[in-house]
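What follows is the residue order along each chain.
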Amino acid sequence: MSWTDERVELLKKMWGEGQSASQIAKELGGVTRNAVIGKVHRLGLSNRAGAAGPAKTEAKPAPKAEAPKPKAAAPKPAPAPKPAEPEVVMETKSATPPPSPRRQIIPAGQPLPPQPSANEISPEALAKVNAVEKKAKKLTLMELTEKTCKWPVGDPATPNFWFCGLPVQQGKPYCEAHVGVAFQPMSSRRDRRR
């Protein structure tokens, strides 16, 4: 399909009458709505912004009765511009709470503060972990296998950091003592929240 002079004139006429791009495409035949919109833009026709529906460009206003003008009337001075009103800025409260303060970064080699989860573990489990860690193999990352406990001990930024290394519990990444600390029953976690 090519834009012949006749088709362009019909497009301009229908666009001026306020027809939609879809209506114009249907009337022209062989073109899409987007092709009509593209041609309108290339032709520089008005986009009819501000109109809720199709704008009628050829609508004639109703005639007004004009009062007779006196011939010797002096022109009225232009009204003085109004002083600009100061802009009022209102603060609104955000529906989202402000971001929580960031955690303090602890330099390498410094002891970590007590973790909240450590206080929630039963004393029996902690005693068991302490006893197991005395027997631990103290492996490095490169020495770990799928059969060794991967429980980290210490600060990774220090040379004293190691992994447990004892035999793992079936289907778990940790030994029996560390599984008791890492995987807790759902009911005990619910009880702590209350």
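First, a word on scope: everything that follows refers to the structure included in this document. Please read these numbers as outputs of a predicted model, since none were measured by experiment.

Rules used in this analysis
- Residues numbered from 1 in each chain as written.
- Predicted model: local features only at pLDDT ≥ 70, side-chain atom pairs only at ≥ 80, totals over all residues.
- Heavy atoms only, no water.
- Helix = DSSP H or I, 4+ residues; strand = E, 2+ residues; numbered from the N terminus.
- Buried < 20%, exposed > 50% of the residue type's maximum accessible area, 1.4 Å probe, protein only.
- Phe/Tyr/Trp six-rings, centres within 6.5 Å; stacked < 30°, edge-to-face > 60°.
- Arc of directions from axis to C-beta.
- Contact = heavy atoms within 4.5 Å.
- Expected span 1.5 Å × (residues − 1).
- Lys, Arg positive; Asp, Glu negative; His and termini not counted.
- Salt bridge = Lys/Arg side-chain N within 4 Å of Asp/Glu carboxyl O.

1. Considering the environment of Val181
So, point 1. Position of Val181 among the secondary structure elements: in helix H6 (residues 176–182).
So, point 2. Taking relative accessible area as the criterion, Val181 reaches 11% and is therefore assigned buried.
So, point 3. Sequence separation between Val181 and Ala125 is 56 residues; the distance between their C-alpha atoms is 6.4 Å.

2. Some thoughts on the packing of aromatic side chains
So, point 1. As enumerated under the stated definition, the model contains two aromatic pairs in all.
So, point 2. Relative to Tyr174, the ring of Trp151 lies with its centre 5.1 Å away and its plane at 75°, an arrangement referred to as edge-to-face. Remark: Tyr174 occurs in the loop between strand E2 (162–163) and H6 and Trp151 occurs in the loop between helix H5 (123–135) and strand E1 (152–153); sequence separation between them is 23 residues.

3. Section: helix H3 (residues 33–43)
So, point 1. Taken together, the buried positions of H3 are occupied by Val36, Lys39 and Val40. Buried residues of H3 fall within an arc of 105° about the axis and therefore sit on the same side. Seen from the buried face of H3, the exposed residues on the opposite side, beyond 90 degrees, are Asn34, His41 and Arg42.
So, point 2. The inward-facing, buried residues of H3 abut helix H1 (5–16) and helix H2 (21–28).

4. Section: H1
So, point 1. The first and last C-alpha atoms of H1 sit 16 Å apart over twelve residues, in line with the 16 Å expected at 1.5 Å per residue.
So, point 2. Taken as a whole, H1 has its buried residues at Arg7, Val8, Leu11, Met14 and Trp15. Each buried residue of H1 sits inside an arc of 130° when the element is viewed along its axis, so together they form one side. Exposed and facing more than 90 degrees away from the buried side of H1 are Asp5 and Glu6.
So, point 3. Of the surrounding secondary structure, the elements contacted by the buried residues of H1 are H2 and H3.

5. Considering the environment of Leu11
So, point 1. Topologically, Leu11 is positioned in helix H1.
So, point 2. The buried category is assigned to Leu11, whose relative accessible area is 0%.
So, point 3. The sequence separation of Leu11 and Lys39 amounts to 28 residues, and the corresponding C-alpha distance is 8.8 Å.
So, point 4. Every residue in contact with Leu11, bar those within four places of it in the chain, is listed here: Trp3, Ile24, Val36, Lys39, Val40 and Leu43.

6. Brief notes about the side chain of Glu133
So, point 1. Within the secondary structure, Glu133 sits in helix H5.
So, point 2. Lys138 provides the closest opposite charge to the buried, unpaired Glu133, separated from it by 8.8 Å.
So, point 3. Look past the residues within four positions of Glu133 in its chain and what remains in contact with it is Lys138, Trp151, Val153, Trp162 and His178.

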